[in-house]
Amino acid sequence: MAEVEETLKRIQTHKGVIGTMVVNAEGIPIRTTLDNSTTVQYAGLLHQLTMKARSTVRDIDPQNDLTFLRIRSKKHEIMVAPDKEYLLIVIQNPCE
Amino acid sequence: MPPKQPLRRQSVSVGRGTRKRDEDSGTEVAEGADEWAQSKATVRPPDQLELTDAELKEEFTRILTANNPHAPQNIVRYSFKEGTYKLIGFVDQLAVHFSQVGNLIPKDSDEGRRQRYRNNLVTGSEESAKLVISEAEVVEEEDEPKEAEAGSQTDVPAAEAAEKVAEELMTPKQPKERKLTNKFNFSERASQTFNNPLRDRECQMEPPPRTNFSATANQWEIYDAYVEELEKQEKTKEKEKAKTPVAKKMGKMAMRKMTSMESQSDDITKVTQAAKIVERMVNQNTYDDVAQDFKYYEDAADEYRDQEGTLLPLWKFQNDKAKRLAVTALCWNPKYNDLFAVGHGSYDFMKQSRGMLLLYSMKNPSFPEYIFSSESGIMCLDMHMDHPYLVVVGHYDGNVAIYNLKKPHSQPSFRSSAKSGKHTDPVWQVKWQKDDMDNNLNFFSVSSDGRIVSWTLVKSELVHTDVIKLKVEGSTTESLEGLQLYTVGCGTAFDFHKEIDYMFLVGTEEGKIYKCSKSYSSQFLDTYDAHNMAVDAVSWNPYHTKVFMSCSSDWTVKIWDHTIKTPMFIYDLNSAVGDVAWAPYSSTVFAAVTTNGKTHVFDLSINKYEAICNQPVVAKKKNKITHVQFNPIHPIIIVGDDRGHVTCLKLSPNLRKMPKLLRTTVGNNGCEVTAFGGSSRQQPRPSKGVSYLEHPSPPLAPGLESLPHSR
C-alpha cells in the first residue's frame, strides 16, 4: 500500500505536474491535489469521456481494452489511466 | 222596514215621573230601590213615532210567501233574436243560506266503485296469503303419501299451491283477518339505533428498499461476462484437482479471509496499475524529446563523418539510495527489452558497505521498477534466459543469491551460506546455465578464491559442486608429506562458449586466461598469457565461434582466436579498461569502456586499428565507467559508472553497420576467416538478423508489458 502512495507522491512532485486525482467508478473524486470545484469538474467530464472512449475501443474489438487516454491542449496535457474501478487523472504541463 | 213595535211598557215612568227632567236616572240608588220595586212605568224614546189612536188600531195583514225577498223582480235581458230588451218573467227564487262541500261519495258512482274495489283487493290478498299457507299445508299433507308413489319433487306441489294462490288472488271475497290499525289510538313509532361511528384504520409498512439499477448490454460486456465465467470454472477445476476435502475447507476459509481483507484494505491499492501507467506517461512527457530521439533520431552527420560514429546520450538512471555505490554489474532482461538490472556495490577494498539491485525500465527513467538491497555489495548478476524473473547475484562476501522478481519480497529467494559452500572471496562473475537433467536451475560462479563452482537449485536449496580449481601452473610443489601444494589463481571473469557447452574461459588476476572444460576438473584445456594485470572481462564472439576478446586493467583489449596462443588484435586505450562487450547485431563491432570516462566502439570491418567512436560519456572526469552492455534489440548501450549512475546512449548509424553477405568460399556454417591481414569480414549468423530501423512498435509505449509480473 505504501508503494502506491509513494508512486502517487512521485508523480505529483514530477516536473511539470499540475495536479493529480483519483476518481471512483461513479465519477466521485476520492483523492485530489487540486481545489474542490476544479476536481469535481474534471472528474465529471473526464469520467464520461473515458467511458465513451473505452466503449468505443471495446465495441470495435471486445478483446481489446483502453490502456490510457491523453488529451493534449494548448496549455497542458491531461492524462487519464482507467482501471477496473478507478480512474487516475494527471494534469501535466509538458516542457516544450 | 217593519213598523216599530210598541215599545216596552212604561213601567218605570211612575217612579221617574217626578224626575223626568233629571236624565241621570240611574245614579240615584236610594230612590232607585223604591222605584224598582214599584215602578213599571213606560219610557218613551224621543224619536218614537207618534200615532193617533185610529192609526194605532189599524190592522195590517201579513202574507208569508216563498218568494225570495232579495231576488230581483224585474230582470230584463237583451234578446239578439228580436233586438229588444225583454222582460224575464221567471226569476230564480232560490236563496242558498249555507253550503259546504262534503266528502261522502255515493257507492254507485265511478269513484266509489273504484275505491271499493281497491279496498277489497287489499283485504283479499291478506286473506289469500293465509289461505295459501293453509292450502299448502293441506296440499302437502295430501301429497306426502303421493310422493312415494309418484316420486314427484317438492317443487311440484309447491307449483300447484302457487297456482291456487294465483286463483285466490282474483276472488278476494273470503273473510280475512286483517289487522286493523286503531285509527284513534294508532301511532307509529320509530326509533333509530345509534350508528356506530366509522373509523378508518390504516396500516403502512416500510417500503421495501429500492435501488436503481441500470446497465448496458454491449458486445464487450457480454464478452466480459463470458470470460469471467470461464475463469471461475477454471478456478473451481483447479481447486478440485489440487486440494483434499479438508484442505478445501481451509482453502475456502482462507479465501473468505482474503476477500474480507481485501475489502477492508484501503481502496487506494487498487490504483497501483493505473498509477504505474500514469507515472510512465508523465515521464514520457518530461523526457519526450529523449524518447523521440531514442526511436527516430538518426544522426545525419554520420554521412560526412567518414566512417566514424557518435553516441547520443539518452537517459540517465540514478537513484538516491544507490548514490555512493558503484555500478558493478549490468544486465539486460532477455524477454523484456526495456528492462535492465543494475547491481551496486563497491570495488574499493577498504570501503565495503551494502549492496543494491535495481531494475529499471526505459519507460520510467526516474524511478526503478524493483529495488532490492543486501548487506554485502553485489559484484555481478545474471538473468535467466528462460525464466526472466530469476536474477542471480554474487556478493562481495562470497555469497550467491537468487532473487525472484515475481515475489514481492525484498529478500532473495535462495541464498548460499557458509555451510552450503560459499566462496571465501568476492564472487566476480555468475552465469546461468541450462537446466540440468532433472530440470533444476543451475548456475556457475567464479571467485578470487580460485574456485569455479556450479550451483544447483535442488528443492529450494542451493547445492554446490566445485567444478574446477584454478591452480597456477608451475606452482605445484611437493611438500614434505607428499602433498601437492599449489598456488591458487584468482578468477575474475569467465564466459561460456555459445555452442560448445562444456567449454569456457576463465580470466584470472594474474593476467592468464584458461580455457577449461566442465568435465575436466583438474586440468585446463589451454592457457593464454593474456595480460600483465588482472583480466577484467572475457567474452566469446556471439557469431564467430573461435574468437574471443579480453580486456584488462593494463590498458589493453585483445582479440583472440582460441586455437592460437597469441592475440589477433591488440588495442591500447590509454586507460584501464573496465569492460568490453560484443555487439549483438554484428560480429565485428564491440565496445570498450575505460576508467577515464570514455567509451570506445570498434568495428573491425571498417577499421581494424582504431576505434570508430571514441567518446567521453560521463560528465565528470573522475567518474570511472565500470560496465557496458548492448541492448539485444534496440541500438542502445548502457554504461555504468562508479558513482552509481547508468547512462543510456544511442549508437549512431555508422556504428551499427551490419556486414553485407560476402561471396566467400564458406561452407554451410559460413564462418571462415579468410586471412588475418585481409578482410576480416565474417558472415553473421542468419538467425540473429535484426533490423533496428524497421521496428514497428511505438516509442516506449507506457503499457506494462515489460514487467515480468504485475504486483
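Here, residues in each chain are numbered from 1, in the same order as that chain's written sequence. Chain letters start at A and ligand numbers start at 1, both assigned in the order the entries are written. Two thresholds apply to this predicted model, a pLDDT of at least 70 for residue-level local features and 80 or more for giving and counting side-chain atom pairs, whereas whole-chain, interface and lining totals are computed over all residues. Hydrogens are left out, water is left out, and the side-chain values use all remaining heavy atoms of the structure.

Draft legend 1. Inspection of the overall build of chain B at higher detail. Counting from the N terminus, the helices are DSSP H or I runs at least four residues long and the strands are E runs at least two residues long. In terms of regular secondary structure, chain B is built from nine helices and 34 strands. Residues count as neighbours in contact if any of their non-hydrogen atoms are within 4.5 Å of one another. Residue pairs at least 24 apart in sequence account for 51% of intrachain contacts in chain B once pairs closer than 6 positions are excluded. Areas reported as accessible are Shrake-Rupley estimates using a 1.4 Å probe. Residue values count occlusion only from the protein chains shown. Of the roughly 45700 Å² of accessible surface on chain B, 52% is carried by carbon and sulfur atoms.

Draft legend 2. Structural detail: the sheet that holds strand 14 (residues 427-432) of chain B. All names here are of chain B. Pairing is antiparallel in the open sheet, where four strands are placed in the order 14-15-16-17. Single-partner strands in this sheet number two, and they are strand 14 and strand 17 (461-469). Ignoring which end each strand starts from, the neighbouring axes of this sheet average 25° apart. The rule for pairing is simple: two strands pair if DSSP sees at least two bridges between them. In the sheet, strand 15 (residues 441-447) pairs with strand 16 (residues 451-458) via six bridges, with the strands oriented antiparallel. Looking across to strand 16, one finds that Val 446 is bridged to Ile 452. Note on geometry: axes are lines fitted to C-alpha atoms, helical ones only across the stretch in contact, with angles between N-to-C directions running from 0 to 180 degrees.

Draft legend 3. Expanded view of the pattern of salt bridges. Salt bridge criterion: a side-chain nitrogen from Lys or Arg within 4 Å of a carboxyl oxygen from Asp or Glu. Overall, the coordinates contain 16 salt bridges over all chains when judged by the stated rule. Residues joined in a network through salt bridges with shared partners are Glu 6 and Arg 10 of chain A together with Glu 279 of chain B.

Draft legend 4. Just the packing of aromatic side chains, in detail. Paired rings are identified among Phe, Tyr and Trp, the last through its six-membered ring, by centres lying within 6.5 Å, and are further divided according to the angle between planes into stacked (under 30 degrees), edge-to-face (over 60) and tilted (the rest). By the definition in use, this model includes 27 aromatic pairs over all chains. An angle of 80° between the planes, with centres 5.0 Å apart, marks the rings of Phe 317 of chain B and Phe 340 of chain B as edge-to-face. Placement of Phe 317 of chain B in strand 5 (residues 311-317) and of Phe 340 of chain B in strand 7 (residues 339-345) is noted, with a sequence separation of 23 residues between them. Partly exposed describes any residue whose relative accessible area lies between the buried limit of under 20% and the exposed limit of over 50%, with all areas from a 1.4 Å probe on protein chains only and scaled to the type maximum. Judged by its relative accessible area of 0%, Phe 340 of chain B is buried. An aromatic cluster of at least three residues, connected via ring pairs, comprises Phe 294, Trp 315, Phe 317, Trp 332, Phe 340 and Tyr 360 of chain B. Either the NZ atom of lysine or the CZ atom of arginine qualifies as a charge over a ring when it sits within 6 Å of the ring centre and within 35 degrees of the ring normal. In this structure, Arg 10 of chain A packs its charged tip against the face of Phe 367 of chain B, placed 3.2 Å from the ring centre. The aromatic ring of Tyr 389 of chain B is capped on one face by Lys 406 of chain B, whose charged end is 4.3 Å from the ring centroid.

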